[in-house]
Amino acid sequence: MTEINDFAGIVLVVTVGFAVAVLSTKLTERVPVPAPALFLLAAAVVSDIWPGVYEAVEIETVERIAVVALIVILFNGGIDIGWRRFRASAGPILSLGVLGTFATAGLVAVFAHYVLGFEWMLAWIVGAAIAPTDPAVMFSVLGRREVAGRSGTTLEGEAGINDPAGIALMLGMIELATHADASFWVVVREFAVEISIGVAFGLLGALVLLPLLRGLRLPSEGLYPVLALVLAGALYGLTSLAHGSGFLAVFIAGLSLGDARMPYKGEIERFSGSLASLAELVVFVALGLTIDIGGLTSRVWLEGIVLALVLALLARPLVVLLTLGLARLSWAERAFISWSGLKGAVPILLAAFALLGGVAGSERVYGVVFVVVLFSVVGQGTLVPFVARALDIPMRERRSLPWELSVRLGDEPQPAHEFGVGVGSRAAGRTIRDLPLGEHAWVTLVVRDGVATRPGGSLELRAGDRVLLLAEADDLEPLTRLFAGTLEDPRR
């Protein structure tokens, strides 16, 4: 019974701790401090107050927790974006996510070497660690407000791309740092192999995942989201064993699922979204427990704060200017993207890779990266809403919609299709009776601001409306052109 009571005490402490963490997210609706910052700082303080917690937490275990959490987060991120939104901003996303990662790492490395006195190898390790961004932190500080236009999609897509890119870069840097006979080409080779295999396995994985989820008949609908996540984990494992970027493969598979028609898609989206929120909470708490705040020297604090300032005010703006020079973005959107390149859990995870890889001086790097992330999410992240308002970045308030109207069908409804009325589309501003739908298509339901509206002929469609139509397959292409907007739907 003693063991049962001891374990019950552990369960109570852990569950109460996570319940407090979840409830603390309500605070971020009024106070513009990202919830992840609260989790990270609170866990670090706990590990300082009770040194036994800090000593019991092994960095290898935390690294594995972070990897699993990142699989869930990237898979859900891909589903949220989908191929349609990704393609619309593919140029800026790839440029900022890949070239921007290298450029940021290089600028940070040069500054760390010449100004802060880091040896070149350690300077590159620091640069590679803090190059990836985490827009999930930014969107958590926005609360119910959602960024409209391409800037929001670019920030979301950048995280999905530059997290795998940053991890591949760091693995190459660790290879270079721990092998005396290695040259810088090993970094290029490692990066090229990781990314190319990751892309290939991601596309192949999508070809397997979609038919399985569409055609397999399971005894319970609750098993479909579990199967989707398990397959994403298997895809990560296979890709990593083939020396590719499993994270990139999972993100690409998520993109494919985002726009696909399949049974129980709503359940899959809700399950992955909820689990991603939990994963973000867990990874920040776990990483925070590995930090000994009292053991951080004044030198580490100073180096971290200086690097965070350089990133926010110099490196990130310069990288955005260079990589997004040809993008169809306004200067206000570029400035917003520049300021919103916040750091999150991935930089600390990459610093943990350096620790586990036995890189000389990695303890110093781990402390510096923690300070950079803390400054970024608390200092820089807190100002995101004010910067958005100052730059007049369009945002909308996302209404809480706890109720869902759905119709269960045994077979896929071939003639039923849903379209979003895009900004600047030919459908926006027209009444239903004036839509060129042809003889074999008709509107059955319009959802506006979360409310089902009767589709009378005099109802004028607005950008952001969701329209359910019954139409034959031959009519889909002209209907897609009818509802497609010239700008991204602000209600996405």
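Below is a summary of the structure that appears in this document. (Residues numbered from 1 in each chain as written. Predicted model: local features only at pLDDT ≥ 70, side-chain atom pairs only at ≥ 80, totals over all residues. Heavy atoms only, no water.)

### Examining the environment of Leu278
This is how it is decided: Under the DSSP-based scheme used, a helix requires at least four consecutive residues in state H or I and a strand at least two consecutive residues in state E, with every element numbered from the N terminus.
The topology assignment puts Leu278 in helix 12 (residues 265-288). Separated by 206 residues in the primary sequence, Leu278 and Val72 place their C-alpha atoms 9.5 Å from one another.

### Topic: empty space enclosed by the protein
For clarity, the cut-off: Residues are called lining when one of their atoms sits within 4 Å of a cavity or pocket point, these points coming from a 1 Å grid over the protein atoms alone, where a cavity is a set in which a 1.4 Å probe fits but cannot get out and a pocket is an open set with protein on both sides within 12 Å along at least five of seven lines. Grid points are joined across faces, edges and corners, and a volume is the space filled by probe spheres set on the points.
Following the criterion strictly, the structure yields one cavity of 30 Å³ or more and no others. Put simply, the largest cavity is a space of about 140 Å³. Residue lining of the largest cavity: 20 residues in total, with Thr133, Leu311, Arg316, Gly341 and Lys343 positioned closest to the centre. Elements with a contribution of two residues or more to the lining of the largest cavity: helix 5 (90-114), helix 8 (149-178), helix 13 (298-323) and helix 16 (362-382). The leading source of residues in the lining of the largest cavity is helix 13, at five residues.

### A closer look at helix 16
Quick note on the threshold: Multiply 1.5 Å by the residue count of a helix minus one, and that product is the helix's expected span. The seven residues ending at a residue and the seven starting there each receive a fitted axis; the angle between those axes is the bend at that residue. Between buried and exposed lies partly exposed: a residue is buried under 20% and exposed over 50% of the maximum accessible area for its type, with that area taken using a 1.4 Å probe on protein chains only.
The end-to-end C-alpha distance of helix 16 is 29 Å, a good match for the 30 Å that 21 residues give at a rise of 1.5 Å each. Of all the bends in helix 16, the largest measures some 30° and sits at Ser376. Most of helix 16 sits out of view: 16 of its 21 residues are buried.

### So, the pattern of salt bridges
Close approach of charged atoms allows side chains with opposite charge to pair. Worth spelling out the cut-off: Within this document, salt bridges are pairs made up of a side-chain nitrogen of Lys or Arg and a carboxyl oxygen of Asp or Glu, the two lying within 4 Å of each other.
All chains considered together, the criterion is met by seven salt bridges. With a shortest N-O distance of 2.8 Å, Arg64 and Glu60 are connected by a salt bridge. Placement of the pair is Arg64 and Glu60 together in helix 4 (residues 59-88), with a separation of four residues, close to one helical turn. When its relative accessible area of 53% is taken as the criterion, Arg64 is described as exposed. Looking at Glu60, the relative accessible area reads 37%, which means it is partly exposed.

### Describing the packing of aromatic side chains
To keep it simple, the criterion reads: Pairing of aromatic rings covers Phe, Tyr and Trp, the last through its six-membered ring, and needs centres within 6.5 Å; plane angles under 30 degrees mean stacked, over 60 mean edge-to-face, and all others mean tilted.
Summed over the entire model, instances satisfying the criterion amount to six aromatic pairs. Ring geometry for Tyr114 versus Trp120: centroids 5.6 Å apart, planes at 85°, classification edge-to-face. In this structure Tyr114 comes out as exposed when scored by relative accessible area, which is 59%. When the centroid spacing of 5.0 Å and the interplanar angle of 50° are considered together, the rings of Tyr236 and Phe247 count as tilted. Taken together, the residues span a long stretch of sequence, with Tyr236 in helix 10 (residues 223-241) and Phe247 in helix 11 (residues 246-258) at a distance of 11 residues.

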